[in-house]
Amino acid sequence: MPLALQAAEYRPLPPAPKAGLSSEWLIHDAVHNRLILYLPDYHTPAHTYYQWISIRPDRPLLITFAARKDFSIFLDNRLVFTAKAPASYKLDLAKLVPATAPPGPHLLCVWHPEVSPNLASFTNFVPSPVIHVGKAASHPLVAQPRPRGHQGQNVFLCFLLLIGLLYGGIRATYQPGFARIYQFEGLWSKTSKDQEFLIKPTVTWLNLLLMLVFSLSFALLLVAIHTNIQSIVILRRLFDVPESAIVLRVFLYAGLVAGFVLGKYLFLELMGYIFDVTPLVMVQYREFVRTILFMGLFLPFVMLLYLGLNQTLPETVLWVSNGVVSLMLVGTVVRIARTLHRRTSLLNLHLFSYLCATEVIPLIILLKLIVFTF
């Protein structure tokens, strides 16, 4: 065979596989049809990642990872695992290799059809030796859901105590205004008379402080239960915060929530000018602020449920969390539509289009980003 032809057929060998998982992942280079090292600060996040690992069928290789629904794992291009529900899992890769396969390198592939997998959650699992009298030690051999959540339970508890102290301090300092916002009988009142909150200034120290506490409560819930918010490409590009930096992530999400609440006024002013409904903007924004502040009072109770039951009933906690967040978002839109309908009929196609542009479309986007991605 000519030397030139031998050189053309040369292919580099795959890198030496490591015993267990590593933090280095590979992505497919379509141009050169090869696997290259994935650099988070350089490459765009992908849906598929690879890694060469050394597996011996007679030696367990346990890994743990967080997965969304429909997340899949392949070994040597063969599907070996698919997540049926969002949870944390523990998997023995050695049991997924055919018994006749010789020990050596195998290509591990992780894939999700819609979003980028949470690579930071993939770790080697080292079981703690537990000795039982008269019983041999055993290890799980199949994928089992594990409680969703972080190891920083004490951090969540400290934030929850801080939120309780802030609510108590604000109530003691601004008792009349606090009672005006958190009144159950007035929130869904059928009277056509404007409530006092809708005719008072929106930018007050009371509202700003309550907005801060709401942002902190919502951020704490997102970090504790909805841990994959940062896999959104835009957020990952702007704020690449490690999964383990719990305190930093709470403050980051709190800033994003507060920025969204404050920035919505500018958005409403712009849309009000476009649709020529500027007189309705302030009433709409005041109703938006009052409703989210009222419903935000229930977020700390969801965190208490998380701290108490997440280890035993993780799926129940997730469903309750999704339900509360969905109720808060949908209820806010319904309440705003009801308030605007009192002043001007929404049966007018022009005003209905304005409501869809300012409330319904943002609602669908938020539900997709927060609720239906888990």
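Reference entry: report on the structure contained in this document.

## Quick look at the overall build of the protein
Here is step 1: For the protein, the helix and strand inventory stands at eleven helices and ten strands.
Here is step 2: The burial tally for the protein puts 44% of its 374 residues in the buried class.
Here is step 3: Pairs at least 24 residues apart make up 73% of the contacts formed inside the protein by residues separated by at least 6 positions.
Here is step 4: Counting every atom, the protein has about 20500 Å² of accessible surface; 67% of that belongs to carbon and sulfur.

## Overview of unusual backbone geometry
Here is step 1: Residues other than glycine seldom take positive phi values, yet Asn-77 does so here, at roughly 65 degrees.
Here is step 2: Relative to the elements of secondary structure, Asn-77 occurs in the loop between strand S5 (72-75) and strand S6 (78-82).
Here is step 3: One non-glycine residue, Asp-276, adopts positive backbone phi at about 60 degrees.
Here is step 4: Considering the arrangement of structural elements, one finds Asp-276 in the loop between helix H7 (246-275) and helix H8 (281-295).

## Some thoughts on the nonpolar core
Here is step 1: Residues Leu-210, Phe-214 and Phe-218 are the most contacted members of the largest nonpolar core, which totals 65 residues.
Here is step 2: Mapped onto this core, the elements with two or more residues apiece are helix H2 (153-173), helix H3 (175-181), helix H5 (205-224), H7, H8, helix H9 (299-309), helix H10 (314-343) and helix H11 (349-371).
Here is step 3: A per-element tally of this core places H5 first, with 13 residues.
Here is step 4: What Leu-210 contacts, discounting residues up to four positions off in sequence, is Tyr-167, Ile-170, Phe-178, Ile-181, Tyr-182 and Leu-293.
Here is step 5: One finds Ile-27, Leu-61, Val-80 and Ala-94 within the second-largest nonpolar core, a separate group that totals 29 residues.

## Some words on the packing of H7 against H11
Here is step 1: At a minimum axis distance of 10 Å, the contact between H7 and H11 shows a crossing angle of 150 degrees. Classed by the angle they form, the pair H7 and H11 counts as roughly antiparallel. H7 and H11 meet at a crossing whose hand is right-handed. Here Phe-260, Lys-264, Phe-267, Leu-268, Met-271, Gly-272 and Phe-275 of H7 come into contact with H11, specifically with His-350, Ser-353, Tyr-354, Ala-357, Thr-358, Glu-359 and Leu-366.
Here is step 2: Across the contact of H7 with H11, the residue classes tally to eight nonpolar, four polar and two charged.

Analysis parameters
Residues numbered from 1 in each chain as written. Predicted model: local features only at pLDDT ≥ 70, side-chain atom pairs only at ≥ 80, totals over all residues. Heavy atoms only, no water. Helix = DSSP H or I, 4+ residues; strand = E, 2+ residues; numbered from the N terminus. Buried < 20%, exposed > 50% of the residue type's maximum accessible area, 1.4 Å probe, protein only. Contact = heavy atoms within 4.5 Å. Areas by Shrake-Rupley, 256 points an atom, 1.4 Å probe, with all protein chains shown as cover. Core = buried A, V, L, I, M, F, W, Y, C linked by side-chain atoms within 4.5 Å. Axes fitted to C-alpha atoms, helices over the stretch in contact; angles between N-to-C directions. Parallel < 35°, antiparallel > 145°, perpendicular 65-115°, else oblique. Left-handed = near helix turned anticlockwise from the far one by under 90°. Nonpolar A, V, L, I, M, F, W, Y, C, P; charged D, E, K, R; others polar.

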